[in-house]
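So the chains spell out like this:
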Amino acid sequence: MDRQAKAVVCREWGQPVQVETITVEGPKRDEITIKIAACGVCHSDLSATTGKIPYPPPLILGHEAAGVVVEVGEGVTAFKEGDHVVSTFISMCGKCSQCVRGRPVLCENARKAMFNLPDGTVRTKGADGEPLNVFGACGVMAEFATMHVDNCVKVDETVPMQNAALVGCAVMTGVGAVFNTAKLEPGSRAAVFGIGGVGLNAVQGCVTAGAEMIVAVDSNPKKLEMAKEFGATHTININDVDDAAKAVKKLTGGVDYAFECVGAGPVVEQAYKSLGRGGTAVVVGVADPKDKTTLTTLTLPADERTLKGSWLGSARPQHDFPRILGLYKAGKLKLDELVTRTYPIEDAAQAFDDMVAGKNARGVIVFD
Ligand SMILES: [Zn+2]
Ligand SMILES: [Zn+2]
């Protein structure tokens, strides 16, 4: 059935987001309709409003949400009405060679579902009946969303929705970079460059994985304070030092793991330079396509350093989302503390402004 829903829409790059009433069609084969309960506001949503992520408007934002299944399409067996699900913005077909080898974030079919559902169409229409694209095959900054089952993960019903939502992007990206990409060894020394929603989760991932030293690096004192609350053992404000990499090295003797959570060539260089011998730098931040990094080539073989990338925390969402929520329930990951502020959908533009101003660990839009 068709449902009316308020949704946060980008109509034009460079303009503030707007809240519109849209129509969400019911599910077709292998799709489900979800009543969204909570959706995190992420920098990637902002990037889609500026064109840095070039998904064509009109575009319904949102890719980090949790909600309840209200309708299932033909052929759906893995979900039923009433199930709690979290969205995943990478479509995972489960059948291609990358999916089969356990790397679903690299799914060969994911590009078919960047701003539409995997069949190339959408279930969303504006007031004039025009089709509305959906961020990451999700478009979940809305009261309802119809998604393909390949973009949904069933989760524990006892976890508050606003916490569960964050696992869909920020938590998975930060914690997964530590657990899955770096496979951080207990007792090691780590540095996290850039303390946004993802960087905070890299910090707590390091804590949970048993790092001995965790150095948080940022320019914002408030964010460094938050990093301490999430378990950073040391902080470095880049405005207080000549060279952040040297400062990290002085403090730690060179880290075993450095996590770059900004997405900028010069910060990648800093993360790489802060490594000790045998260290691994993990690039988590999403840089502009033209951005470049320069390294001293000899240090790769001579120090056996590694530079690697991490996409959505190298997630296997069906396995990792429940696992991360399990760690939260066991008191080993902080999710309550990540939600600094919640907003009704009418205040979506304010939520974006607050993110740009760096006010929140995470701002979350909550629905009735
Ligand atoms: Zn995101
Ligand atoms: Zn696949």
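None of the values given here were measured: they were computed from a predicted structure.

Colleague: Lay out the sheet that holds strand S13 (residues 234–237) with the relevant residues and their values.
Modeller: Two orientations exist for strands paired in a sheet by backbone hydrogen bonds: parallel and antiparallel. As summarised here, the arrangement of the six strands in space is S13-S12-S11-S14-S15-S16, forming an open sheet in which the pairing is parallel. In this open sheet, the two strands that pair with only one neighbour each are S13 and strand S16 (306–309). Put simply, the sheet's adjacent strands are angled 20° from each other on average, direction ignored. Of the strand pairs in this sheet, strand S12 (residues 213–218) and S13 are connected by four bridges, and their pairing is parallel. Within S13, the residue paired with Asp218 across the bridge is Asn237. Packed onto the sheet, helix H8 (residues 265–273) meets strand S11 (189–193), strand S14 (255–260), strand S15 (275–283) and S16 and runs at close to 150° relative to S15.

Colleague: Describe in detail the coordination of the zinc ion (ligand 2), supporting the description with residues and values.
Modeller: Around the zinc ion (ligand 2), the protein supplies Cys93 (SG), Cys96 (SG), Cys99 (SG) and Cys107 (SG) as donor atoms, at distances of 2.3 to 2.4 Å. Motif for the zinc ion (ligand 2), donor spacing along one chain: C-x2-C-x2-C-x7-C.

Colleague: Give me the lowdown on the side chain of Thr146, citing residues and values where you can.
Modeller: Locating Thr146 in the fold gives a position in strand S9 (residues 144–148). A relative accessible area of 6% places Thr146 in the buried class. Of note is the side chain of Thr146, whose polar atom sits 2.6 Å from the backbone oxygen of Glu25. If near-sequence neighbours (up to four positions away) are discounted, Thr146 is found in contact with Val24, Glu25, Gly26, Pro27, Glu31, Ile32, Thr33, Leu117 and Arg123.

The rules behind these values
- Residues numbered from 1 in each chain as written.
- Chains lettered and ligands numbered in written order.
- Predicted model: local features only at pLDDT ≥ 70, side-chain atom pairs only at ≥ 80, totals over all residues.
- Heavy atoms only, no water.
- Pairing = 2+ DSSP bridges.
- Helix = DSSP H or I, 4+ residues; strand = E, 2+ residues; numbered from the N terminus.
- Axes fitted to C-alpha atoms, helices over the stretch in contact; angles between N-to-C directions.
- Contact = heavy atoms within 4.5 Å.
- Donors = N, O, S within 2.8 Å, 3.2 Å for Na, K, Ca; no water.
- Buried < 20%, exposed > 50% of the residue type's maximum accessible area, 1.4 Å probe, protein only.
- Polar contact = N/O pair within 3.5 Å; in protein donor to acceptor, adjacent residues only side chain to side chain.

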